[in-house]
Amino acid sequence: MKLDRRLHAHRPDLADARLEGRISSDRFTAGEAATITGGVADLRMAPSRSAALDAQLWFGESVRMYEKRDGWAWVQAERDDYVGYTPAEAVGTAIATAPTHQVSALATYRFPEPSIKAPPLETLPLGAQLRVRGEREEFLELGQGGYVFARHAEPSDRLWPDAPATALRFLGVPYLWGGRSFLGIDCSGLVQTSLLLAGVSAPRDSDMLRDDETLGQALPPDAPRKRGDLLFSPGHVVMALDGEEIVHANAFHLATVREPFAAFVARLASRGEAVTSLRRP
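As the structure is a prediction and not an experimental result, all values here were calculated from the model.

Account for the sheet that holds strand β10 (residues 101-103), naming residues and giving values.
The three strands are arranged β13-β10-β17 in an open sheet whose pairing can be described as antiparallel. With partners counted over all chains shown, the strands left at the sheet margins are β13 (129-130) and β17 (153-155), one partner each.

Explain the pattern of salt bridges to me, using residue names and the numbers behind them.
Scanning the entire structure with this criterion turns up 24 salt bridges. The salt bridge involving Asp 229 is made with Arg 280; its shortest N-O contact spans 2.7 Å. Pair noted here: Asp 229 is in the loop between β20 (217-219) and β21 (230-233) and Arg 280 is in strand β25 (residues 277-280), with a separation of 51 residues, a long-range link. When its relative accessible area of 0% is taken as the criterion, Asp 229 is described as buried. Between Arg 267 and Glu 259 there is a salt bridge, with the nearest N and O atoms lying 2.6 Å from each other. Given a relative accessible area of 14%, Arg 267 falls into the buried group. A relative accessible area of 7% places Glu 259 in the buried class. Ionic contacts of the salt-bridge type, sharing partners, join the residues Asp 4, Arg 6, Asp 186, Arg 204, Asp 205 and Asp 207 into one network.

Help me get a handle on the packing of aromatic side chains, residues and values and all.
By the definition in use, this model includes six aromatic pairs. Aromatic side chains Tyr 66 and Trp 74 sit 5.7 Å apart centroid to centroid with 55° between the ring planes, which places their arrangement in the tilted category. Like Tyr 66, the residue Trp 74 is buried in the burial classification. With a centroid separation of 5.9 Å and an interplanar angle of 90°, the aromatic rings of Phe 111 and Phe 139 are classed as edge-to-face.

Would you mind going over helix α4 (residues 261-270) in detail, with residue names and values included?
The set of residues buried in α4 consists of Phe 261, Phe 264, Arg 267 and Leu 268. Buried residues in α4, looked at end-on, bunch into an arc of 125°, giving them a common side. For α4, exposure combined with an orientation more than 90 degrees from the buried face picks out Ala 262, Ala 269 and Ser 270. On its buried face, α4 sits against β21, β22 (236-240), β23 (245-250) and β24 (255-260). Positive phi appears at Gly 272, one or two residues downstream of α4, with a value of about 75°.

Provide a residue-level description of the side chain of Glu 122, including the pertinent values.
Counting through the fold element by element, Glu 122 comes out in strand β12 (residues 122-125). Taking the relative accessible area as the measure of exposure, Glu 122 reaches 17% and is therefore buried. At a separation of 2.7 Å, a polar atom in the side chain of Glu 122 contacts the main-chain amide nitrogen of Gly 39. Among the polar contacts made by the side chain of Glu 122, one reaches the side chain of Arg 110 at a distance of 2.8 Å. The residues touching Glu 122, leaving out its near neighbours within four places in the chain, are Thr 37, Gly 38, Gly 39, Phe 59, Thr 108, Tyr 109 and Arg 110.

Give a description of the sheet that holds β22 that names residues and reports values.
Taken in spatial order, the six strands make up an open sheet running β20-β25-β21-β22-β23-β24, and their pairing is antiparallel. Across the chains shown, the open sheet's two edge strands, defined by having one partner strand only, are β20 and β24. In this sheet, neighbouring strand axes are inclined to one another by 30° on average, regardless of whether the strands run parallel or antiparallel. In the sheet, β20 pairs with β25 via three bridges, with the strands oriented antiparallel. Across the sheet, residue Leu 219 finds its bridge partner in β25, namely Leu 278. Here helix α2 (residues 187-196) sits on the sheet and contacts β21, β22, β23 and β24; the angle it forms with β22, its principal contact strand, is near 45°. Sitting on the sheet, α4 is in contact with β21, β22, β23 and β24, with an inclination near 105° to β24.

Give a description of unusual backbone geometry that names residues and reports values.
Non-glycine residue Asp 70 carries a positive phi angle of around 55°. Tracing the backbone through its elements, the reader meets Asp 70 in the loop between β6 (62-69) and β7 (72-77).

I'd love a proper account of the nonpolar core, names of residues and values included.
Judged by nonpolar contacts, the single largest core of 23 residues is most densely connected at Leu 190, Val 191, Leu 195, Leu 209, Leu 230, Val 237 and Met 239. Those elements that place two or more of their residues in this core are α1 (163-168), α2, β21, β22 and β23. Considering each element in turn, this core owes the most residues, four residues, to α2. Sequence-distant contacts of Met 239, defined by excluding residues within four places in its chain, comprise Ala 163, Pro 164, Ala 167, Val 191, Ser 194, Gly 228, Asp 229, Leu 230, Glu 245, Ile 246 and Val 247.

Rules used throughout
- Residues numbered from 1 in each chain as written.
- Predicted model: local features only at pLDDT ≥ 70, side-chain atom pairs only at ≥ 80, totals over all residues.
- Heavy atoms only, no water.
- Pairing = 2+ DSSP bridges.
- Helix = DSSP H or I, 4+ residues; strand = E, 2+ residues; numbered from the N terminus.
- Salt bridge = Lys/Arg side-chain N within 4 Å of Asp/Glu carboxyl O.
- Buried < 20%, exposed > 50% of the residue type's maximum accessible area, 1.4 Å probe, protein only.
- Phe/Tyr/Trp six-rings, centres within 6.5 Å; stacked < 30°, edge-to-face > 60°.
- Arc of directions from axis to C-beta.
- Contact = heavy atoms within 4.5 Å.
- Polar contact = N/O pair within 3.5 Å; in protein donor to acceptor, adjacent residues only side chain to side chain.
- Axes fitted to C-alpha atoms, helices over the stretch in contact; angles between N-to-C directions.
- Core = buried A, V, L, I, M, F, W, Y, C linked by side-chain atoms within 4.5 Å.

Right, here's the structure in full:
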């Protein structure tokens, strides 16, 4: 079978039990259910802080953990099947109850007590998954421990159907390869996050978004653009705001920006590149 290290947990010494009989490995394991306990947990290509950052996981996300060793956990995200290594301290025991709320602010604090004067435990990103077990004054008490300002959260089943509007909330956020939060975000992280909060299942990387036949309709690259269309160039994806403007996280500005589509196309042409495909989720 064709394997993708980003989507299949496989190594010569250990692999996902679902791959047994299709690949060779010394040992297969079903892994164990686990939950992300860090605000934003980096997901790296290898178990080293100097390894490339592939993606990020949010507080409260469910993962499948195949191994925990030497300060690193080898995990696969339940949300998009992405595989990688994250610091072991950012992974905890699975929580049986489903999330009840999600963070609705671009960022918010998790406090040790229901007071804005208490030193925060950490910062949670937009979309972080919360298990709320009660309320105290203006705060939500979390089953994971700590408190979140109530007006920075909403029921987890609430959708934001206007994905471009969600993407615009990240304007000015620094570009970060592999980023997926207010701390930094990349082109596909911006698109995936905006679609997920709209209730649209979406893969992590730009090539996956481009090739995902379940993600709406593929159209010619020169088709008239509509709000929410995804346009692809080599190694990059942008989202249309309308027929004239786009929003994207990019390395040219090193930030998330909105700009005229014509300016983007001219910059591509200066490098001998062009928009190669369009997908309408």
